[in-house]
Amino acid sequence: MPNHVKRRDPAAAGSIPAVLKMFESEVRFYREIAPVVGVRVPACYQAEENADGTRLVLEDLSAWTPGAEPAVGAAAMRDLHDRWVGRAHLLWPWLRPLGAGEDLVADLFDRTWPELAARSDVSAPVREVGERLVGHVVDAERDIARAGDLTMAHGDASAQNLRTGPGGEVAFLDWEDVSAAPGVLDLAWWLVSSVQPERWSEAVDAYGTSQGLVEVMPSTMVQGYLTMADYPDGSEVAAAWNARLEAASALLAAGRL
């Protein structure tokens, strides 16, 4: 079976990948953490970092089913988080800390929002929350600290980065955003990025708690807005993003889950 080779050129100076050391972090993850992480990840056969960028040679899981069922994915995340709560940041102090790159994200959102707000496919509740976030993204990022204890967070736990094997086992791919954060941040992104709103309760029940979701949801929605902006106005994919952002807006309006 062929391997999957992932190459990254050096990130542009001052860019979000450079500031967050995304490519280097993934190499370190596979070198230091993957052997003991305790959840399914692609086997790593080579992990290199040099002046030309990074190179990973990984087990090819492309034959596995993309994504995961909402509850199954959430349960796998909870397994990861429970294993490393209170100690991941001590064992691997290089893990991305809370607040890293927050100014760059805030600037990107504020620059992106006017074009997004002018679109025809942004519903009123989604537009309302977006307007409130303009100039306040850094505040939203800092609210994450109130959401719970630090653990190892995948950082981009979307369906795109999960695979389900023939026996139902869930594997996590793409560890460029691995960080030390409250685990509920992964759950929030799983909901906003990948789960139909009518199935959110399944995922939350499988995760076992909704504690901290309200605190992390504004920051998670920022990423959702930025992703929606990548898709054409009126497209099916953009409509799905708006629907999930609207569900998140409703949760914030209620102040509870």
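Residues numbered from 1 in each chain as written. Predicted model: local features only at pLDDT ≥ 70, side-chain atom pairs only at ≥ 80, totals over all residues. Heavy atoms only, no water.

Trainee: How should the sheet that holds strand S2 (residues 44-50) be read in this particular structure?
Mentor: Taken together, the 3 strands give an open sheet; going across it, the order is S1-S3-S2, and neighbouring strands pair in antiparallel fashion. Looking at strand neighbours, the two that pair on one side only are strand S1 (4-8) and S2, the edges of this open sheet. Geometrically, the sheet is characterised by an average inter-axis angle of 5° between neighbouring strands, direction not taken into account. Bridge analysis of S1 against strand S3 (residues 53-58) gives 5 bridges, and the strand direction is antiparallel. Looking across to S3, one finds that Lys-6 is bridged to Leu-56. (Pairing = 2+ DSSP bridges. Helix = DSSP H or I, 4+ residues; strand = E, 2+ residues; numbered from the N terminus. Axes fitted to C-alpha atoms, helices over the stretch in contact; angles between N-to-C directions.)

Trainee: What is the right way to look at the sheet that holds strand S7 (residues 170-172) in this model?
Mentor: Within a sheet, adjacent strands bond to each other through the backbone by hydrogen bonds, running parallel or antiparallel. Within the open sheet, the 3 strands sit side by side as S4-S6-S7. Their pairing is antiparallel. Among the strands making up the open sheet, the edge pair consists of strand S4 (65-66) and S7. Sheet analysis places strand S6 (residues 162-164) next to S7, joined by 3 bridges and oriented antiparallel. Residue pairing for S7: Leu-162 is matched across the bridge by Phe-172. Sheet contacts for helix H3 (residues 70-84): S6 and S7; angle to S7, the most-contacted strand, approximately 60°. (Contact = heavy atoms within 4.5 Å.)

Trainee: Would you mind going over the packing of aromatic side chains with me for this structure?
Mentor: Note on aromatic pairs: each is described by the distance of the centres and the angle between the planes. One pass over the structure, following the stated rule, counts 8 aromatic pairs. Ring centres of Phe-29 and Tyr-30 lie 5.1 Å apart, and the angle between their planes is 85°; on these two criteria the pair is classed as edge-to-face. Overall, Phe-29 belongs to the buried group, its relative accessible area being 0%. The exposure class of Tyr-30 is buried, given its relative accessible area of 5%. Note on Phe-109 and Trp-113: the rings are 5.8 Å apart at their centroids and 20° apart in plane angle, and the pair reads as stacked. Residue Phe-109 and its partner Trp-113 are both found in helix H5 (residues 102-117); the two are separated by 4 residues, about one turn of the helix. By way of ring pairs, the aromatic residues Phe-29, Tyr-30, Phe-172 and Trp-175 are connected into one cluster. (Phe/Tyr/Trp six-rings, centres within 6.5 Å; stacked < 30°, edge-to-face > 60°. Buried < 20%, exposed > 50% of the residue type's maximum accessible area, 1.4 Å probe, protein only.)

Trainee: Sorry, what's going on with the pattern of salt bridges here?
Mentor: Side chains that carry opposite charge are capable of pairing whenever their charged atoms lie near each other. Using the criterion set out here, one finds 18 salt bridges in the structure. Between Asp-174 and Lys-6 there is a salt bridge, with the nearest N and O atoms lying 3.4 Å from each other. Of this pair, Asp-174 sits in the loop between S7 and strand S8 (179-182) while Lys-6 sits in strand S1; the two residues are 168 residues apart in sequence, bridging distant segments of the chain. For Lys-6, a relative accessible area of 13% translates into the label buried. Among the ionic pairs, Glu-176 bridges to Lys-6, the shortest N-O distance being 3.2 Å. Pair noted here: Glu-176 is in the loop between S7 and S8 and Lys-6 is in strand S1, with a separation of 170 residues, a long-range link. Here Glu-176 matches Lys-6 in class, with each residue buried. One network of salt bridges, with partners in common, ties together Lys-6, Arg-8, Glu-26, Asp-174 and Glu-176. (Salt bridge = Lys/Arg side-chain N within 4 Å of Asp/Glu carboxyl O.)

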